[in-house]
Amino acid sequence: MGVERTLSIIKPDATTRNLTGQINAKFEAAGLRIVAQKRIQLTPAQAGQFYAVHAERPFYGELCDFMASAPVVTQVLEGEGAIAKNREVMGATNPADAAPGTIRAEFAQSVGENSVHGSDAPETAAEEIAFFFSGLELVG
Ligand code: DAT
Ligand code: MG
């Protein structure tokens, strides 16, 4: 598998509750290195572009509005098997199904307001990193 990079987003429900540091501590404890990070506020159109893969889902409008409702922290996490490791630290999409100790089990408020996003495969990780970061911003 080797060293990978993945795109992570700390979502509005978490940034507004001042949970950025606690969430970052979980990534670092799992051996994921935060190699790039910025706090930004998305427009609904930018959120829609990022989540275009879900455009046909019934919750798409709600998802885009939520992601644009307050600042997010976008980040690149690096480590051995980082894509799967990050998904493990995040926990299941629905916090009711998330394993104890995971970010979503501890912090998520609902299936929609679930505190974090993480890429799901090498191809999407590369696309999602390029959506938010230029090569100049990735110093390792
Ligand atoms: P994940 O974020 O675990 O990769 P996903 O890609 O299936 O999950 O969905 C993207 C986001 O869309 C998810 O984090 C929250 C929202 N979402 C998914 N299913 C939902 C549902 N049934 N109701 C409301 N929002 C949902
Ligand atoms: Mg997903």
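In case you missed it, the structure is sitting above this.
Draft legend 1. Looking closely at the side chain of serine 119. Structurally, serine 119 can be placed in the loop between β4 (116–118) and α7 (122–132). Of the residues examined, serine 119 reaches a relative accessible area of 0% and is grouped as buried. A distance of 2.7 Å separates the side chain of serine 119 from the side chain of glutamate 128, its partner in a polar contact.

Draft legend 2. Highlighting the sheet that holds strand β3 (residues 72–80). The sheet built from four strands is open, its strands ordered β2-β3-β1-β4 with antiparallel pairing. Two strands in the sheet have a free side with no partner beyond their single neighbour: β2 (33–40) and β4. Going from strand to strand, the sheet's axes swing by 20 degrees on average, the running direction of each strand aside. Where strand β1 (residues 3–10) lies against β3, eight bridges are found, and the strand directions are antiparallel. Counted as the bridge partner of isoleucine 9 is threonine 74 from β3. Along the sheet, helix α5 (residues 82–90) makes contact with β1, β3 and β4, crossing β1 at roughly 35 degrees.

About the cut-offs
Residues numbered from 1 in each chain as written. Chains lettered and ligands numbered in written order. Predicted model: local features only at pLDDT ≥ 70, side-chain atom pairs only at ≥ 80, totals over all residues. Heavy atoms only, no water. Helix = DSSP H or I, 4+ residues; strand = E, 2+ residues; numbered from the N terminus. Buried < 20%, exposed > 50% of the residue type's maximum accessible area, 1.4 Å probe, protein only. Polar contact = N/O pair within 3.5 Å; in protein donor to acceptor, adjacent residues only side chain to side chain. Pairing = 2+ DSSP bridges. Axes fitted to C-alpha atoms, helices over the stretch in contact; angles between N-to-C directions. Contact = heavy atoms within 4.5 Å.

On their own, these measurements won't tell you what the molecule is for.
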